[in-house]
Amino acid sequence: MSRTRKVLSAAAMAVVAVGGSVAVALQASAAAGCRVDYTVTSQWQGGFGADVKISNLGDPITQWNLAFSFGTGQSINQLWNGSFTQSGTAVTVRNASYNGAIATNGSASFGFNGAFTGTNPVPGAFTLNGTACTGGVTTPSSSPATSPSTSPSASPSTSPSTGPVTGGAAQLVADMGKGWNLGNQLEANVNGVPSETAWGNPVVTSALIDRVKAAGFKTIRIPVSYLGKIGAAPNYTVDTAWLNRIQEVVNLAHDRGLYVLINMHGDGYKSVGGAWLICDASSQTAIREKYQKVWQQVATRFQSYSGRLIFESMNENFDGQYGNPTQPCYSNINAYNQIFVDTVRRTGGTNASRWLLVPGWNTNIDHTVGNGFVLPTDQYRAATIPSTEQRIMISVHYYDPWDFAGTEDGTITQWGPAATNPAKKSTWGQQDFMDAQLKKMYDAFVVRGYPVFVGEYGTIDKTTFDSTNNRYRADYARTLVATAKKYGAATAYWDNGYNGQYGFGLFDRNSATVTQQGIIDAIMSS
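As annotated in an unreviewed UniProt entry, the protein is Endoglucanase from Actinoplanes xinjiangensis. In its Sequence similarities (unreviewed entry) section, the UniProt record describing the protein reads: "Belongs to the glycosyl hydrolase 5 (cellulase A) family."

Quick look at the structure:
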(Lines give C-alpha, C1' and ligand atoms only; values in the text may rest on other atoms or scores of the structure.)
Protein backbone atom coordinates (compact mmCIF):
# COMPACT_ATOMS: atom_id res chain seq x y z
CA MET A 1 0.00 0.00 0.00
CA SER A 2 1.23 3.48 -0.83
CA ARG A 3 1.64 5.62 2.27
CA THR A 4 1.12 8.98 0.56
CA ARG A 5 -2.43 9.92 1.42
CA LYS A 6 -1.89 12.84 3.80
CA VAL A 7 0.56 14.69 1.57
CA LEU A 8 -1.37 13.81 -1.58
CA SER A 9 -4.64 15.36 -0.48
CA ALA A 10 -3.95 18.69 -2.13
CA ALA A 11 -1.85 17.54 -5.08
CA ALA A 12 -4.39 14.97 -6.14
CA MET A 13 -6.93 17.67 -6.92
CA ALA A 14 -7.55 18.51 -10.57
CA VAL A 15 -5.03 20.94 -11.99
CA VAL A 16 -6.59 24.33 -12.64
CA ALA A 17 -4.64 26.31 -15.21
CA VAL A 18 -4.89 30.01 -14.52
CA GLY A 19 -1.45 31.03 -15.72
CA GLY A 20 -0.75 34.22 -17.56
CA SER A 21 2.30 35.41 -19.44
CA VAL A 22 4.07 38.62 -18.62
CA ALA A 23 7.37 40.01 -19.82
CA VAL A 24 9.86 41.60 -17.43
CA ALA A 25 13.26 43.19 -17.83
CA LEU A 26 16.01 41.13 -16.27
CA GLN A 27 18.93 43.46 -15.55
CA ALA A 28 20.24 46.80 -16.74
CA SER A 29 22.07 47.05 -20.02
CA ALA A 30 21.24 43.58 -21.28
CA ALA A 31 18.72 42.23 -23.72
CA ALA A 32 15.90 41.48 -21.32
CA GLY A 33 12.55 39.77 -21.28
CA CYS A 34 10.81 36.82 -19.75
CA ARG A 35 7.53 35.04 -19.31
CA VAL A 36 6.04 34.17 -15.93
CA ASP A 37 3.45 31.39 -15.79
CA TYR A 38 1.56 31.21 -12.50
CA THR A 39 -0.59 28.07 -12.19
CA VAL A 40 -2.87 27.03 -9.35
CA THR A 41 -2.27 23.26 -9.30
CA SER A 42 -4.75 22.39 -6.57
CA GLN A 43 -7.24 24.10 -4.31
CA TRP A 44 -9.11 23.00 -1.22
CA GLN A 45 -11.06 24.73 1.54
CA GLY A 46 -8.89 27.58 2.73
CA GLY A 47 -5.76 26.45 0.93
CA PHE A 48 -4.14 26.01 -2.45
CA GLY A 49 -0.98 24.90 -4.24
CA ALA A 50 0.71 26.83 -7.03
CA ASP A 51 3.60 26.45 -9.46
CA VAL A 52 5.42 29.45 -10.93
CA LYS A 53 7.64 29.14 -13.99
CA ILE A 54 10.04 31.91 -15.09
CA SER A 55 11.15 31.61 -18.73
CA ASN A 56 14.08 33.82 -19.66
CA LEU A 57 13.75 35.35 -23.14
CA GLY A 58 16.70 37.72 -22.85
CA ASP A 59 20.39 37.47 -21.99
CA PRO A 60 21.48 34.94 -19.35
CA ILE A 61 21.09 35.88 -15.69
CA THR A 62 22.95 34.51 -12.68
CA GLN A 63 20.41 35.13 -9.93
CA TRP A 64 16.82 36.25 -9.63
CA ASN A 65 14.26 37.85 -7.36
CA LEU A 66 10.62 37.67 -8.37
CA ALA A 67 8.21 40.11 -6.72
CA PHE A 68 4.42 40.18 -6.88
CA SER A 69 1.43 41.02 -4.72
CA PHE A 70 -1.62 38.98 -3.83
CA GLY A 71 -4.92 40.67 -4.55
CA THR A 72 -7.09 39.32 -1.72
CA GLY A 73 -4.75 38.70 1.18
CA GLN A 74 -3.48 35.24 0.28
CA SER A 75 -0.41 34.00 2.13
CA ILE A 76 2.38 31.51 1.47
CA ASN A 77 2.84 28.77 4.05
CA GLN A 78 5.56 26.65 2.45
CA LEU A 79 7.73 27.19 -0.65
CA TRP A 80 10.22 24.97 -2.46
CA ASN A 81 12.94 25.62 -5.06
CA GLY A 82 13.58 29.03 -3.51
CA SER A 83 13.06 31.17 -0.42
CA PHE A 84 10.48 33.86 0.21
CA THR A 85 9.55 36.83 2.33
CA GLN A 86 6.06 38.25 2.66
CA SER A 87 4.97 41.58 4.10
CA GLY A 88 1.21 42.04 3.93
CA THR A 89 0.23 41.19 0.38
CA ALA A 90 3.73 41.79 -1.07
CA VAL A 91 5.83 38.70 -1.80
CA THR A 92 9.45 38.35 -2.91
CA VAL A 93 10.83 34.97 -3.98
CA ARG A 94 14.58 34.44 -4.32
CA ASN A 95 16.34 31.66 -6.17
CA ALA A 96 17.79 28.65 -4.40
CA SER A 97 21.51 27.93 -4.54
CA TYR A 98 21.08 25.60 -7.50
CA ASN A 99 18.63 27.44 -9.80
CA GLY A 100 19.78 31.06 -9.87
CA ALA A 101 21.36 30.87 -13.31
CA ILE A 102 18.89 30.96 -16.21
CA ALA A 103 20.23 30.78 -19.74
CA THR A 104 18.57 32.45 -22.70
CA ASN A 105 15.36 30.54 -23.42
CA GLY A 106 15.92 28.63 -20.19
CA SER A 107 13.60 28.53 -17.21
CA ALA A 108 13.44 28.18 -13.44
CA SER A 109 10.45 27.12 -11.39
CA PHE A 110 9.28 27.15 -7.82
CA GLY A 111 6.14 26.03 -6.08
CA PHE A 112 4.32 26.75 -2.88
CA ASN A 113 1.36 25.92 -0.68
CA GLY A 114 -0.71 28.89 0.46
CA ALA A 115 -3.85 29.97 2.28
CA PHE A 116 -6.76 32.17 1.23
CA THR A 117 -10.20 33.26 2.28
CA GLY A 118 -12.99 34.11 -0.13
CA THR A 119 -11.47 34.27 -3.61
CA ASN A 120 -8.02 33.31 -4.90
CA PRO A 121 -7.20 35.47 -7.94
CA VAL A 122 -3.92 35.27 -9.86
CA PRO A 123 -1.44 38.10 -9.16
CA GLY A 124 -1.77 40.72 -11.88
CA ALA A 125 1.86 41.80 -12.25
CA PHE A 126 5.37 40.53 -11.60
CA THR A 127 8.78 42.17 -11.42
CA LEU A 128 12.04 40.31 -11.88
CA ASN A 129 15.25 41.69 -10.41
CA GLY A 130 13.53 45.01 -9.74
CA THR A 131 12.23 45.68 -13.24
CA ALA A 132 8.52 45.71 -14.01
CA CYS A 133 6.92 43.78 -16.85
CA THR A 134 7.50 45.39 -20.25
CA GLY A 135 5.67 43.10 -22.62
CA GLY A 136 8.68 42.21 -24.75
CA VAL A 137 12.44 41.85 -25.04
CA THR A 138 14.34 45.12 -24.73
CA THR A 139 17.99 46.07 -25.28
CA PRO A 140 18.95 49.11 -23.15
CA SER A 141 21.75 51.33 -24.43
CA SER A 142 23.22 52.13 -21.01
CA SER A 143 26.53 50.73 -19.83
CA PRO A 144 26.44 47.19 -18.56
CA ALA A 145 25.69 46.86 -14.89
CA THR A 146 27.84 44.67 -12.74
CA SER A 147 25.73 41.70 -11.66
CA PRO A 148 26.53 39.65 -8.61
CA SER A 149 27.59 36.17 -9.65
CA THR A 150 26.85 32.85 -8.08
CA SER A 151 28.64 29.60 -8.58
CA PRO A 152 26.80 27.29 -10.94
CA SER A 153 25.26 24.13 -9.59
CA ALA A 154 27.73 21.33 -9.45
CA SER A 155 27.19 18.67 -12.06
CA PRO A 156 26.48 15.17 -10.78
CA SER A 157 29.66 13.64 -9.47
CA THR A 158 30.41 9.97 -9.80
CA SER A 159 32.07 8.14 -6.96
CA PRO A 160 34.55 5.76 -8.60
CA SER A 161 34.22 2.09 -8.02
CA THR A 162 36.76 0.39 -5.83
CA GLY A 163 36.45 -2.84 -7.77
CA PRO A 164 34.12 -5.80 -7.31
CA VAL A 165 31.80 -5.74 -4.33
CA THR A 166 33.14 -8.02 -1.61
CA GLY A 167 31.69 -9.39 1.60
CA GLY A 168 28.82 -11.73 2.29
CA ALA A 169 25.30 -11.29 3.57
CA ALA A 170 26.11 -10.89 7.26
CA GLN A 171 28.68 -8.18 6.54
CA LEU A 172 26.25 -6.31 4.31
CA VAL A 173 23.51 -6.26 6.95
CA ALA A 174 25.96 -5.09 9.60
CA ASP A 175 27.31 -2.34 7.34
CA MET A 176 23.86 -1.10 6.30
CA GLY A 177 22.85 -0.68 9.94
CA LYS A 178 19.66 1.27 10.54
CA GLY A 179 18.06 2.83 7.47
CA TRP A 180 15.62 5.60 6.62
CA ASN A 181 13.31 6.27 3.66
CA LEU A 182 13.33 9.54 1.74
CA GLY A 183 9.64 8.96 1.05
CA ASN A 184 7.22 11.10 -0.97
CA GLN A 185 10.04 12.83 -2.87
CA LEU A 186 11.42 11.32 -6.06
CA GLU A 187 8.40 9.03 -6.39
CA ALA A 188 5.99 11.96 -6.02
CA ASN A 189 4.07 12.90 -9.14
CA VAL A 190 1.15 14.89 -10.47
CA ASN A 191 -0.94 13.27 -13.18
CA GLY A 192 1.82 10.75 -13.80
CA VAL A 193 4.66 13.26 -14.13
CA PRO A 194 7.31 12.84 -11.40
CA SER A 195 8.31 15.90 -9.39
CA GLU A 196 10.10 15.80 -6.04
CA THR A 197 7.95 18.62 -4.63
CA ALA A 198 4.59 17.42 -6.01
CA TRP A 199 3.35 16.08 -2.68
CA GLY A 200 4.32 19.03 -0.53
CA ASN A 201 7.88 18.21 0.49
CA PRO A 202 10.63 20.74 -0.26
CA VAL A 203 13.58 20.02 -2.54
CA VAL A 204 16.01 17.53 -1.01
CA THR A 205 19.01 19.33 0.47
CA SER A 206 22.44 18.40 1.78
CA ALA A 207 21.39 19.82 5.16
CA LEU A 208 18.64 17.21 5.42
CA ILE A 209 20.96 14.34 4.52
CA ASP A 210 23.54 15.63 7.01
CA ARG A 211 20.87 15.63 9.71
CA VAL A 212 19.76 12.09 8.85
CA LYS A 213 23.34 10.86 9.00
CA ALA A 214 24.00 12.72 12.26
CA ALA A 215 20.94 11.00 13.76
CA GLY A 216 22.72 7.67 13.26
CA PHE A 217 21.19 6.28 10.07
CA LYS A 218 23.64 4.48 7.79
CA THR A 219 21.35 3.70 4.85
CA ILE A 220 18.94 5.85 2.86
CA ARG A 221 16.33 4.28 0.60
CA ILE A 222 15.28 6.65 -2.18
CA PRO A 223 11.99 5.64 -3.83
CA VAL A 224 11.93 6.77 -7.48
CA SER A 225 9.16 6.95 -10.08
CA TYR A 226 9.75 7.33 -13.81
CA LEU A 227 6.23 7.31 -15.27
CA GLY A 228 5.84 10.28 -17.63
CA LYS A 229 9.60 10.86 -17.73
CA ILE A 230 9.93 7.81 -20.00
CA GLY A 231 9.87 8.41 -23.74
CA ALA A 232 8.15 6.42 -26.44
CA ALA A 233 8.97 2.98 -27.79
CA PRO A 234 11.22 1.45 -28.87
CA ASN A 235 13.97 3.23 -26.92
CA TYR A 236 11.93 4.35 -23.90
CA THR A 237 14.47 7.07 -23.20
CA VAL A 238 14.36 8.45 -19.66
CA ASP A 239 14.37 12.24 -19.46
CA THR A 240 17.98 13.34 -18.97
CA ALA A 241 17.15 16.09 -16.49
CA TRP A 242 15.22 13.61 -14.34
CA LEU A 243 18.10 11.12 -14.37
CA ASN A 244 20.46 13.96 -13.46
CA ARG A 245 18.31 14.91 -10.48
CA ILE A 246 18.11 11.30 -9.31
CA GLN A 247 21.89 11.15 -9.50
CA GLU A 248 22.26 14.41 -7.58
CA VAL A 249 20.13 13.10 -4.73
CA VAL A 250 21.96 9.76 -4.73
CA ASN A 251 25.24 11.67 -4.51
CA LEU A 252 24.05 13.63 -1.48
CA ALA A 253 23.91 10.36 0.43
CA HIS A 254 26.54 8.25 -1.31
CA ASP A 255 29.24 10.92 -1.12
CA ARG A 256 28.66 11.07 2.65
CA GLY A 257 29.57 7.42 3.04
CA LEU A 258 26.00 6.15 3.39
CA TYR A 259 24.46 3.11 1.78
CA VAL A 260 21.87 4.13 -0.82
CA LEU A 261 19.00 2.19 -2.40
CA ILE A 262 17.05 3.34 -5.44
CA ASN A 263 14.09 1.53 -6.93
CA MET A 264 11.23 1.78 -9.42
CA HIS A 265 8.42 2.83 -7.10
CA GLY A 266 5.17 4.32 -8.38
CA ASP A 267 5.32 2.81 -11.87
CA GLY A 268 3.59 -0.34 -10.61
CA TYR A 269 0.64 1.20 -8.74
CA LYS A 270 -2.74 0.98 -10.45
CA SER A 271 -3.80 3.99 -8.38
CA VAL A 272 -1.08 6.21 -9.92
CA GLY A 273 -1.76 8.00 -13.18
CA GLY A 274 0.52 6.79 -15.94
CA ALA A 275 1.49 3.59 -14.12
CA TRP A 276 2.54 0.89 -16.56
CA LEU A 277 4.37 -1.90 -14.68
CA ILE A 278 1.06 -3.69 -14.14
CA CYS A 279 1.33 -7.41 -13.56
CA ASP A 280 -2.16 -8.33 -14.80
CA ALA A 281 -2.16 -6.08 -17.87
CA SER A 282 -2.50 -7.77 -21.25
CA SER A 283 0.50 -6.05 -22.89
CA GLN A 284 3.22 -7.95 -21.06
CA THR A 285 5.66 -8.05 -24.00
CA ALA A 286 5.69 -4.25 -24.27
CA ILE A 287 5.85 -3.87 -20.47
CA ARG A 288 8.88 -6.12 -20.23
CA GLU A 289 10.66 -4.32 -23.07
CA LYS A 290 10.02 -0.96 -21.42
CA TYR A 291 11.11 -2.26 -18.01
CA GLN A 292 14.35 -3.61 -19.46
CA LYS A 293 15.16 -0.38 -21.28
CA VAL A 294 14.57 1.82 -18.23
CA TRP A 295 16.70 -0.30 -15.90
CA GLN A 296 19.42 -0.50 -18.53
CA GLN A 297 19.66 3.30 -18.57
CA VAL A 298 19.58 3.63 -14.79
CA ALA A 299 22.16 0.90 -14.25
CA THR A 300 24.46 2.38 -16.89
CA ARG A 301 24.26 5.80 -15.26
CA PHE A 302 25.45 4.35 -11.92
CA GLN A 303 27.74 1.68 -13.36
CA SER A 304 30.89 2.97 -11.62
CA TYR A 305 29.39 3.65 -8.19
CA SER A 306 30.69 1.67 -5.23
CA GLY A 307 28.98 -1.28 -3.63
CA ARG A 308 27.24 1.05 -1.19
CA LEU A 309 24.66 1.67 -3.93
CA ILE A 310 21.98 -1.02 -4.18
CA PHE A 311 19.26 -1.30 -6.82
CA GLU A 312 15.75 -2.51 -5.97
CA SER A 313 13.74 -3.92 -8.87
CA MET A 314 10.31 -2.52 -7.93
CA ASN A 315 8.15 -1.64 -4.96
CA GLU A 316 4.83 -3.17 -3.83
CA ASN A 317 3.84 -4.85 -7.07
CA PHE A 318 0.61 -6.89 -7.09
CA ASP A 319 -2.82 -6.96 -8.73
CA GLY A 320 -4.36 -4.39 -6.37
CA GLN A 321 -6.47 -6.94 -4.47
CA TYR A 322 -5.47 -7.59 -0.87
CA GLY A 323 -6.03 -11.34 -1.01
CA ASN A 324 -4.01 -14.32 -2.09
CA PRO A 325 -1.67 -13.94 -5.07
CA THR A 326 -3.13 -14.58 -8.48
CA GLN A 327 -1.74 -15.91 -11.73
CA PRO A 328 -0.39 -14.98 -14.17
CA CYS A 329 0.29 -11.84 -12.13
CA TYR A 330 2.81 -13.45 -9.77
CA SER A 331 4.62 -15.13 -12.67
CA ASN A 332 4.96 -11.73 -14.32
CA ILE A 333 6.43 -10.24 -11.13
CA ASN A 334 8.97 -13.06 -11.09
CA ALA A 335 9.75 -12.32 -14.73
CA TYR A 336 10.30 -8.62 -13.95
CA ASN A 337 12.78 -9.57 -11.24
CA GLN A 338 14.68 -11.82 -13.63
CA ILE A 339 14.81 -9.13 -16.33
CA PHE A 340 16.06 -6.66 -13.70
CA VAL A 341 18.90 -8.90 -12.51
CA ASP A 342 20.02 -9.85 -16.02
CA THR A 343 19.86 -6.27 -17.30
CA VAL A 344 21.82 -4.74 -14.44
CA ARG A 345 24.51 -7.41 -14.53
CA ARG A 346 25.05 -7.05 -18.29
CA THR A 347 25.87 -3.33 -17.94
CA GLY A 348 29.14 -4.39 -16.33
CA GLY A 349 31.43 -2.45 -14.02
CA THR A 350 30.47 -2.62 -10.37
CA ASN A 351 26.99 -3.67 -11.47
CA ALA A 352 28.35 -7.16 -12.17
CA SER A 353 28.86 -7.73 -8.44
CA ARG A 354 26.52 -5.17 -6.88
CA TRP A 355 23.89 -6.30 -4.36
CA LEU A 356 20.44 -6.35 -5.99
CA LEU A 357 17.16 -6.27 -4.07
CA VAL A 358 14.01 -8.06 -5.25
CA PRO A 359 10.52 -8.32 -3.68
CA GLY A 360 7.84 -10.95 -3.81
CA TRP A 361 4.10 -10.32 -4.03
CA ASN A 362 3.36 -6.84 -2.60
CA THR A 363 6.50 -7.16 -0.40
CA ASN A 364 4.32 -9.37 1.81
CA ILE A 365 6.19 -11.82 4.04
CA ASP A 366 3.68 -14.67 3.84
CA HIS A 367 3.37 -14.41 0.06
CA THR A 368 7.16 -14.24 -0.35
CA VAL A 369 8.02 -17.27 1.78
CA GLY A 370 5.02 -19.21 0.46
CA ASN A 371 4.30 -20.65 -2.95
CA GLY A 372 4.67 -18.37 -5.93
CA PHE A 373 7.88 -16.45 -5.40
CA VAL A 374 10.80 -17.52 -7.58
CA LEU A 375 14.29 -16.33 -6.80
CA PRO A 376 15.91 -14.93 -9.95
CA THR A 377 18.99 -16.69 -11.23
CA ASP A 378 22.22 -14.69 -11.30
CA GLN A 379 24.03 -16.19 -14.28
CA TYR A 380 25.69 -12.96 -15.40
CA ARG A 381 27.25 -12.00 -12.08
CA ALA A 382 30.98 -11.38 -11.84
CA ALA A 383 33.20 -14.44 -11.78
CA THR A 384 35.09 -12.89 -8.88
CA ILE A 385 32.18 -13.49 -6.49
CA PRO A 386 32.89 -16.58 -4.37
CA SER A 387 30.58 -19.45 -5.27
CA THR A 388 29.46 -19.68 -1.64
CA GLU A 389 28.20 -16.07 -1.61
CA GLN A 390 25.04 -14.52 -2.99
CA ARG A 391 24.55 -11.00 -4.34
CA ILE A 392 20.73 -10.96 -4.26
CA MET A 393 18.72 -9.83 -1.25
CA ILE A 394 15.00 -10.05 -0.53
CA SER A 395 12.71 -7.06 0.10
CA VAL A 396 9.70 -7.09 2.43
CA HIS A 397 7.68 -4.40 4.21
CA TYR A 398 6.19 -4.55 7.70
CA TYR A 399 3.18 -2.57 8.97
CA ASP A 400 1.42 -5.12 11.19
CA PRO A 401 -0.94 -4.61 12.88
CA TRP A 402 -2.25 -2.04 10.40
CA ASP A 403 -4.89 -0.75 12.80
CA PHE A 404 -2.04 0.53 14.97
CA ALA A 405 0.52 1.34 12.28
CA GLY A 406 -1.57 2.96 9.59
CA THR A 407 -5.32 3.22 10.15
CA GLU A 408 -6.17 6.91 10.33
CA ASP A 409 -8.34 7.03 13.41
CA GLY A 410 -7.88 7.07 17.18
CA THR A 411 -9.16 3.59 17.98
CA ILE A 412 -5.85 1.71 18.29
CA THR A 413 -3.02 3.88 19.64
CA GLN A 414 -0.98 1.50 21.82
CA TRP A 415 1.21 -1.52 21.12
CA GLY A 416 3.34 -4.02 22.98
CA PRO A 417 3.67 -5.26 26.56
CA ALA A 418 3.82 -1.75 28.02
CA ALA A 419 0.34 -0.86 26.74
CA THR A 420 -1.84 0.43 29.59
CA ASN A 421 -5.27 0.38 27.96
CA PRO A 422 -6.40 -2.94 26.45
CA ALA A 423 -9.12 -1.16 24.49
CA LYS A 424 -6.43 0.88 22.70
CA LYS A 425 -4.32 -2.17 21.82
CA SER A 426 -4.85 -4.42 18.81
CA THR A 427 -5.82 -8.03 19.42
CA TRP A 428 -3.08 -9.26 17.09
CA GLY A 429 0.28 -8.29 15.61
CA GLN A 430 2.22 -7.94 18.86
CA GLN A 431 5.88 -8.80 19.43
CA ASP A 432 5.41 -12.59 19.25
CA PHE A 433 3.76 -12.24 15.85
CA MET A 434 6.53 -9.91 14.67
CA ASP A 435 9.17 -12.40 15.77
CA ALA A 436 7.43 -15.27 13.98
CA GLN A 437 7.09 -13.30 10.74
CA LEU A 438 10.73 -12.28 10.56
CA LYS A 439 11.83 -15.80 11.49
CA LYS A 440 9.99 -16.99 8.38
CA MET A 441 12.29 -14.82 6.28
CA TYR A 442 15.32 -16.11 8.14
CA ASP A 443 14.34 -19.73 7.56
CA ALA A 444 13.48 -19.22 3.91
CA PHE A 445 16.33 -16.98 2.79
CA VAL A 446 18.94 -15.88 5.33
CA VAL A 447 20.09 -19.43 6.10
CA ARG A 448 20.71 -19.83 2.34
CA GLY A 449 22.90 -16.72 2.15
CA TYR A 450 20.24 -14.28 0.93
CA PRO A 451 19.99 -11.27 3.27
CA VAL A 452 16.63 -9.66 3.96
CA PHE A 453 15.80 -5.97 3.86
CA VAL A 454 12.70 -4.68 5.64
CA GLY A 455 12.60 -1.73 3.29
CA GLU A 456 9.62 -0.08 4.96
CA TYR A 457 8.18 -0.11 8.46
CA GLY A 458 6.75 2.60 10.66
CA THR A 459 3.69 3.99 12.39
CA ILE A 460 1.62 7.14 12.00
CA ASP A 461 1.27 9.84 14.64
CA LYS A 462 -1.94 9.46 16.68
CA THR A 463 -1.02 11.72 19.59
CA THR A 464 -4.09 13.82 18.82
CA PHE A 465 -6.11 10.95 20.26
CA ASP A 466 -3.65 9.57 22.81
CA SER A 467 -0.83 11.70 24.22
CA THR A 468 1.15 8.53 25.02
CA ASN A 469 1.07 7.24 21.42
CA ASN A 470 4.68 8.17 20.61
CA ARG A 471 5.87 5.93 23.45
CA TYR A 472 4.32 2.92 21.72
CA ARG A 473 5.51 4.03 18.30
CA ALA A 474 9.03 4.01 19.75
CA ASP A 475 8.49 0.58 21.31
CA TYR A 476 7.28 -0.75 17.96
CA ALA A 477 10.31 0.63 16.08
CA ARG A 478 12.76 -0.62 18.70
CA THR A 479 11.28 -4.11 18.64
CA LEU A 480 11.11 -4.32 14.86
CA VAL A 481 14.73 -3.27 14.37
CA ALA A 482 16.01 -5.56 17.13
CA THR A 483 14.03 -8.52 15.81
CA ALA A 484 15.20 -7.92 12.25
CA LYS A 485 18.80 -7.76 13.45
CA LYS A 486 18.28 -11.03 15.34
CA TYR A 487 17.19 -12.70 12.10
CA GLY A 488 19.82 -11.25 9.77
CA ALA A 489 17.79 -8.44 8.22
CA ALA A 490 18.50 -4.74 7.69
CA THR A 491 15.73 -2.15 8.04
CA ALA A 492 14.60 1.27 6.80
CA TYR A 493 11.96 3.38 8.56
CA TRP A 494 9.26 4.83 6.28
CA ASP A 495 9.30 8.64 6.53
CA ASN A 496 6.91 10.48 4.19
CA GLY A 497 8.05 13.94 5.32
CA TYR A 498 4.75 14.70 7.00
CA ASN A 499 4.68 15.67 10.69
CA GLY A 500 1.56 15.99 12.80
CA GLN A 501 -1.63 13.95 12.82
CA TYR A 502 -1.21 10.73 10.80
CA GLY A 503 2.31 11.65 9.71
CA PHE A 504 5.25 9.23 9.52
CA GLY A 505 7.86 12.01 9.71
CA LEU A 506 10.97 11.85 11.91
CA PHE A 507 12.44 15.06 10.47
CA ASP A 508 11.20 18.47 9.34
CA ARG A 509 12.56 18.62 5.80
CA ASN A 510 12.14 22.38 5.53
CA SER A 511 14.38 23.16 8.50
CA ALA A 512 16.39 19.92 8.47
CA THR A 513 15.61 19.31 12.13
CA VAL A 514 14.55 16.28 14.15
CA THR A 515 10.87 16.04 15.12
CA GLN A 516 10.72 12.58 16.72
CA GLN A 517 13.90 12.13 18.74
CA GLY A 518 12.27 9.47 20.92
CA ILE A 519 11.56 7.20 17.96
CA ILE A 520 15.04 7.77 16.54
CA ASP A 521 16.60 6.94 19.91
CA ALA A 522 14.56 3.75 20.04
CA ILE A 523 15.77 2.72 16.58
CA MET A 524 19.39 3.44 17.42
CA SER A 525 19.25 1.57 20.71
CA SER A 526 18.23 -1.69 19.04
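Before going further, it helps to examine empty space enclosed by the protein. This structure, assessed with the given rule, holds two cavities of 30 Å³ or more. Considering only enclosed or pocket space, the second largest cavity measures out at about 40 Å³ in volume. For the second largest cavity, the full set of lining residues is Met264, His265, Gly268, Tyr269, Leu277, Met314, Asn315, Glu316 and Asn317. Residue composition of the lining of the second largest cavity, by class: four nonpolar, four polar and one charged.

Counted under the stated rule, the structure contains one disulfide. For cysteine 279, the disulfide goes to cysteine 329, at an S-S distance of 1.6 Å. Here cysteine 279 is found in the loop between strand 14 (259-262) and helix 5 (284-301), whereas its partner cysteine 329 is found in helix 6 (residues 329-346), with 50 residues between them in sequence. Taking the relative accessible area as the measure of exposure, cysteine 279 reaches 0% and is therefore buried.

Moving on to helix 2 (residues 169-176). Because each turn of an α-helix spans 3.6 residues, side chains separated by three or four positions end up pointing in the same direction. Every buried residue of helix 2 is listed here: Leu172, Val173 and Met176. Projected down its long axis, helix 2 shows its buried positions confined to an angular sector of 95°, all on one face. Backbone geometry just after helix 2 places glycine 177 at a positive phi near 60°.

It is worth spelling out the pattern of salt bridges at this point. Inspection of the entire model under this criterion finds 14 salt bridges. For the salt bridge of arginine 221 with glutamate 312, the shortest nitrogen-to-oxygen distance reads 3.0 Å. Taken together, the residues arginine 221 in strand 13 (residues 219-222) and glutamate 312 in strand 15 (residues 309-312) connect sequence positions 91 residues apart. Taken individually, arginine 221 and glutamate 312 each receive the classification buried, so the pair is uniform in this respect. Across the pair arginine 245 and glutamate 248 runs a salt bridge whose closest N-O atoms are separated by 3.0 Å. Placement of the pair is arginine 245 and glutamate 248 together in helix 4 (residues 240-254), with a separation of three residues, close to one helical turn. Look at the salt bridges and you will find they share partners, linking Glu196, Arg245 and Glu248 into a network.

Criteria and thresholds
Residues numbered from 1 in each chain as written. Predicted model: local features only at pLDDT ≥ 70, side-chain atom pairs only at ≥ 80, totals over all residues. Heavy atoms only, no water. UniProt positions renumbered as here; feature names shortened; annotations may be inferred. 1 Å grid on protein atoms, 1.4 Å probe; cavity = no way out; pocket = protein on both sides within 12 Å on 5 of 7 lines; lining within 4 Å. Points joined across faces, edges and corners; volume = space filled by probe spheres on them. Nonpolar A, V, L, I, M, F, W, Y, C, P; charged D, E, K, R; others polar. Disulfide = S-S within 2.5 Å. Helix = DSSP H or I, 4+ residues; strand = E, 2+ residues; numbered from the N terminus. Buried < 20%, exposed > 50% of the residue type's maximum accessible area, 1.4 Å probe, protein only. Arc of directions from axis to C-beta. Salt bridge = Lys/Arg side-chain N within 4 Å of Asp/Glu carboxyl O.

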